[in-house]
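Chain and residue survey
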Protein chains: 2
Amino acid sequence: MVSERARLLAAQGTPPIAAAHFRAQARPYHPELRPDGYLNLGTAEHRLAWDLLEPILTRPRVVTAEDSHYGLVYGTADLRERTADLLTRTRSVLFEAEDLIVVSGASVALDIAAAVICDPGDAIIVPAPYYSGFDADLTGRSEARLVQAPGTPETDFRISAAAIADAAGRAKASGLRPRALALCSPTNPLGQVHTPQELHDVLAVAAEHDLDVIADEIYANGVFGPTAFTGAYGLPDSPLPPERVHTVWGFAKDFGVSGLKVGVLHTTGEPARTAARELAYFAPVSTDTQALVCSLLADTAWADAFLAASRSRLRESYLHLAGLLDGLGIPYAPAEAGFSVWADLRRGLPRPGFAGEDLLWRALIDQARVSVLPGAVFHSPEPGWFRICHPTDPEIVAEAVKRIGRVLEATGRGDVTAVAAQC
Amino acid sequence: MVSERARLLAAQGTPPIAAAHFRAQARPYHPELRPDGYLNLGTAEHRLAWDLLEPILTRPRVVTAEDSHYGLVYGTADLRERTADLLTRTRSVLFEAEDLIVVSGASVALDIAAAVICDPGDAIIVPAPYYSGFDADLTGRSEARLVQAPGTPETDFRISAAAIADAAGRAKASGLRPRALALCSPTNPLGQVHTPQELHDVLAVAAEHDLDVIADEIYANGVFGPTAFTGAYGLPDSPLPPERVHTVWGFAKDFGVSGLKVGVLHTTGEPARTAARELAYFAPVSTDTQALVCSLLADTAWADAFLAASRSRLRESYLHLAGLLDGLGIPYAPAEAGFSVWADLRRGLPRPGFAGEDLLWRALIDQARVSVLPGAVFHSPEPGWFRICHPTDPEIVAEAVKRIGRVLEATGRGDVTAVAAQC
């Protein structure tokens, strides 16, 4: 006997994003040893910082008996204080350790944020395209529903206060109560940095429609373009009271340690904060790992230098990919942050619509052995866009783009079966 | 705006068990430095194995770039294989790595087990007294309700098939659908080891009432008495099919590393296993910590010797506490396993019932500065019983029991206010 919940979970199967990741990782490309292996530009991981991290992660650790015993479920005081200090230092807005809840990954932080704001059936407005994890993360425990506020190719899919207002209206018209707005900032998949004006407009719409804001700012320190990062919390002249902005951050992206699963929720109001602490009970982080990430923050000079070096490498990596795409005449939305480029592969669609996008995706992964994710995964308002991640070995990126170019030539002629011969 | 869920969570506040733990840990007793500090025998932690663990936990670790990146959310293949091997080796029943789901603590493993079996409003039968964490762990995500099957002092509160059948009947009569039976084995707070016959009888009742069994066997390797541990999974001639037994285990108790928060769920049927893997997404364990606990299992000779030494120290620690209680004429249920003794402090109740038990508890913690947990926390069917944990510094245990004795003298005379003067 299993629950109805278990039947639904089992029936939905592994999300394609996870399946593609593990398929690509299981047989990775190597120029000599496995030339027919997979090139994984599908996973948003920072693989360009290991030389900087290795000395810290592999050095002898100080572990005491106390470290091996129970700690506060929402994070050790040490980690919360150091994290608050980092957030305060990098954003010029005061973050207090008491307002931080440390949990096993940013996905869980999103899950908890949604659960403390939304009742089952409430609506969360999400500008689209959006990070596909939101589908599970924002609805898992909350049982809320996502309502999209789609962007348009004409404005490079930038967030739009009008689209959010429209989505809130549509949610109400269909009998849902709009309760929150989920922002990704900088955005994934697009790598855009919201300007203070954009944030102000969007928070004004949130205030008008009585929405809390869940700000997923996990890429906050991954900005390499001209627009400085601005957080939703502490926005000057914010139209929304501070306790209605719930910020999610983590170590996975900014510190390149996705495997350590350390996420942080910042929330300042009551009873939201107390409720979030209680829910952290179901996703605590090992005291050992908390001590390890503390050691990444303990030397602030090292941490600041690491983040600067990381941003510089991301910029270089982005420019490399952008140059390769330019060389093949493949358009893309310009990025200022993050790990990916949102590329317009419409000319390679073997047939119109998302069915064509799916065929192109399969040609890329099945035949060319390139893992990139199709726009449908990110609820793209328009078919034919793909997310290409770049912070990995530049030779892998170059080989992948070469193969993508060959696939587009074949599939653009409607010739899906010829792809295998091309690659 | 917050959800109804958040209001309820915030209103319930910190559970007394957690509050007492942190209060006691914040100002620990020291014979010279802080003679008025707290003696914490309230937390079920193994504090007698650090000398054995320290060399493993503090030695230089091998961490690769791959360790810092995404792993399978339900546990690395390495950890699941080594854990399956340990379970198979110590129980003489085959456990497969593919049937294990690794999550951030045994509480989460219980939460997931209940969620894949029960729909909201279903009933889970629980023999009482029981581990107080069940209240949150088995109902958090499942929204199931617990129905108690109380034991009696005459039989030392041992589990009873008749009491379970009766509870299932009561659940049905009140309109609930009994869906599962949760067993703690060895038991907490009592430290009893179920005999094969007891398990057989109980599983027969489960089969008769169409119940799955959730077996919390986190103390499986903490047996120091004459009755060998028998797991619910793989019981010879089991009346219940194997896929209806869901086993929870973890490293917190048997390996004395409660802070590492590594729990394991073993479930063999579909779609339960797939659904449980999906839920593990919301409580993954750091790859770094997974590698660390792997290193506890990698040298099987070391692991077996550690577990043997741990059992021997638990036995000694138990006998020490039992001797102290005997010396004061305080009765208790005999234990064969685990970290605690279920002591009968009824003679110290300043007034009858659970109100008296609560007064005695407050006298103990507020005035005598001894943290032990009252039976009400464990849903004891009878007031006046307390759980006293022993695997810590024997001097702490001796001092605590001395103070308990003094408190009982005063409170037994109904003289609660005089306690302070006595201690």
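Every value quoted in this text rests on a predicted model; they were computed, and no experiment measured them.

Definitions and limits used
- Residues numbered from 1 in each chain as written.
- Chains lettered and ligands numbered in written order.
- Predicted model: local features only at pLDDT ≥ 70, side-chain atom pairs only at ≥ 80, totals over all residues.
- Helix = DSSP H or I, 4+ residues; strand = E, 2+ residues; numbered from the N terminus.
- Rg over C-alpha atoms; globule rule 2.2 N^0.38 Å.
- Buried ≥ 20, exposed ≤ 12 C-beta atoms within 10 Å, placed from the backbone.
- Contact = placed C-beta atoms within 7 Å.
- Axes fitted to C-alpha atoms, helices over the stretch in contact; angles between N-to-C directions.
- Parallel < 35°, antiparallel > 145°, perpendicular 65-115°, else oblique.
- Left-handed = near helix turned anticlockwise from the far one by under 90°.
- Nonpolar A, V, L, I, M, F, W, Y, C, P; charged D, E, K, R; others polar.
- Pairing = 2+ DSSP bridges.
- Core = buried A, V, L, I, M, F, W, Y, C linked by C-beta atoms within 7 Å.
- Least-squares fit on C-alpha atoms with pLDDT ≥ 70 in both.
- Expected span 1.5 Å × (residues − 1).
- Domains from an automatic or database assignment.
- pLDDT = per-residue confidence, 0-100.

Brief notes about the overall build of chain A
Secondary structure summary: chain A contains 14 helices and 13 strands in total. Relative to its length of 423 residues, chain A is compact, with a C-alpha radius of gyration of 21 Å against a globular reference of 22 Å. Along the first, second and third principal axes, the C-alpha set of chain A runs to 60 × 60 × 55 Å. Burial analysis of chain A (423 residues in total) assigns 57% to the buried set. Sequence-distant contacts in chain A: of pairs separated by 6 or more residues, those separated by 24 or more amount to 72%.

Details of the packing of helix 7 (residues 161-173) of chain A against helix 8 (residues 196-208) of chain A
Residue and element names in this part refer to chain A. For the pair helix 7 and helix 8, the least separation of the axes is 9 Å and the interaxial angle reads 20°. Our classification of the angle between helix 7 and helix 8 gives roughly parallel. As for how helix 7 packs across helix 8, the hand of that crossing is right-handed. Listed contacts from helix 8 to A161, I164 and A165 of helix 7 are D201, V202, A204 and V205.

Side note on unusual backbone geometry
The linkage connecting A128 of chain A with the following residue, P129 of chain A, adopts the cis geometry, with an omega of 0°. Residue placement: P129 of chain A occurs in the loop between strand 3 (123-128) and helix 6 (134-137). Of note, the amide linkage connecting S185 of chain B to P186 of chain B takes the cis form, showing an omega dihedral of -5°. Here P186 of chain B shows up in the loop between strand 5 (178-184) and helix 8 (196-208). Unlike most non-glycine residues, K261 of chain B shows phi in positive territory, near 50°. Turning to its location among the elements, K261 of chain B is positioned in the loop between strand 7 (245-250) and strand 8 (263-266).

Some words on the interface of chain A and chain B
Chain A puts 63 residues into the contact, and the matching count from chain B is 63 residues. Counting residues per element, the ones that place at least two in the side of chain A that touches chain B are helix 1 (4-12), helix 3 (50-58), helix 5 (106-117), helix 9 (272-280) and helix 10 (287-298) of chain A. Residue classes in the side of chain A that touches chain B are distributed as 30 nonpolar, 18 polar and 15 charged.

Describing the sheet that holds strand 6 (residues 212-216) of chain B
Residue and element names in this part refer to chain B. Pairing in this open sheet of seven strands is mixed, and the strands run 2-8-7-6-5-3-4 from one edge to the other. Every interior strand has two partners, whereas the edge strands, strand 2 (100-103) and strand 4 (145-150), have only one. Neighbour-to-neighbour, the strand axes of the sheet open up by a mean angle of 25°, direction not taken into account. Examined bridge by bridge, strand 6 and strand 7 share four bridges and lie parallel to one another. Considered in strand 7, the bridge of A215 is made with T247. The sheet contacts of helix 7 (residues 161-173) involve strand 3 (123-128), strand 4 and strand 5, and relative to strand 4 the element is tilted by about 140°.

Some words on the nonpolar core
Counting 287 residues, the largest nonpolar core has I125 and V213 of chain A together with I125 and V213 of chain B as the members making the most contacts within it. Filtering out sequence-adjacent residues up to four positions away, V213 of chain B remains in contact with A180, L181, L183, L203, A206, A232, L240, R244, V245 and H246 of chain B.

Observations concerning the packing of helix 12 (residues 353-367) of chain A against helix 13 (residues 394-412) of chain A
All names here are of chain A. With their axes 10 Å apart at the nearest point, helix 12 and helix 13 run at an angle of 135° to one another. When the axes of helix 12 and helix 13 are compared, the pair comes out oblique. Here the hand of the crossing between helix 12 and helix 13 comes out right-handed. Here L360, A363 and L364 of helix 12 lie close against helix 13, whose contacting residues are I404, V407 and T411. Broken down by class, the residue content of the contact of helix 12 with helix 13 amounts to five nonpolar, one polar and no charged.

With respect to the sheet that holds strand 2 (residues 100-103) of chain A
Residue and element names in this part refer to chain A. Strand order in the open sheet formed by seven strands is 2-8-7-6-5-3-4, and the pairing between neighbours is mixed. The sheet is open, and its two borders are formed by strand 2 and strand 4 (145-150), each paired with just one other strand. Going from strand to strand, the sheet's axes swing by 25° on average, the running direction of each strand aside. Inspection of the sheet shows strand 3 paired to strand 4 by six bridges, in the parallel sense.

Things to note about the relation of the copies chain A and chain B
Both copies of the chain are placed relative to one another by a rotation about an axis and a shift along it. Placing chain A over chain B gives an RMSD of 0.0 Å and needs a rotation angle of 180°, together with 0.0 Å of translation along the axis. The operation mapping one copy onto its partner corresponds to a two-fold rotation axis. When you check the interface residues of chain A against chain B, 100% turn up at the interface there too, and the contact is symmetric in its surfaces.

Some points on helix 5 of chain A
Spacing of three or four residues puts side chains on the same side of an α-helix, whose turn is 3.6 residues. Look at helix 5 of chain A: 17 Å from first C-alpha to last across 12 residues, which is about the 16 Å you get at 1.5 Å a residue. Taking burial as the measure, the 12 residues of helix 5 of chain A include 12 buried ones, the bulk of the element.

Considering the domain arrangement of chain A
All names here are of chain A. As far as domains go, chain A holds domain 1 (4-51 + 303-422) and domain 2 (70-298). With 29 residues of domain 1 at the contact, the number on the domain 2 side is 33 residues. Among the secondary structure elements, those contributing two or more residues to the side of domain 1 that touches domain 2 are helix 11 (300-328) and strand 10 (340-344). Here the side of domain 1 that touches domain 2 gets seven residues from one element, more than from any other, and that element is helix 11. Counted by class, the side of domain 1 that touches domain 2 contains 16 nonpolar, seven polar and six charged residues.

Some words on the pairing of strand 10 (residues 340-344) of chain B
Residue and element names in this part refer to chain B. Of all the five residues making up strand 10, four are buried; the element is thus mostly covered by neighbouring parts of the structure. Inspection of the sheet shows strand 9 (residues 332-333) paired to strand 10 by two bridges, in the antiparallel sense. From the neighbouring strand, A333 faces strand 10, where its bridge partner is W342. By the bridge criterion, five bridges tie strand 10 to strand 13 (residues 385-389) in an arrangement that is antiparallel.

Topic: the pairing of strand 7 (residues 245-250) of chain A
Residue and element names in this part refer to chain A. Counting buried positions along strand 7 yields six of six residues, so the element is predominantly enclosed. Of the two faces of strand 7, the one holding V245, T247 and W249 and the one holding H246, V248 and G250 are both buried throughout. Bridge count between strand 7 and strand 8 (residues 263-266): four bridges; the pairing is antiparallel. Opposite V248, over in strand 8, you have L265 as the bridge partner.

Comments concerning the confidence of the model for chain A
Confidence along chain A averages 94 in pLDDT terms, with 98% of residues attaining 70 or more. Taken together, the chains of this predicted complex give a pTM of 0.95 and an interface ipTM of 0.94.

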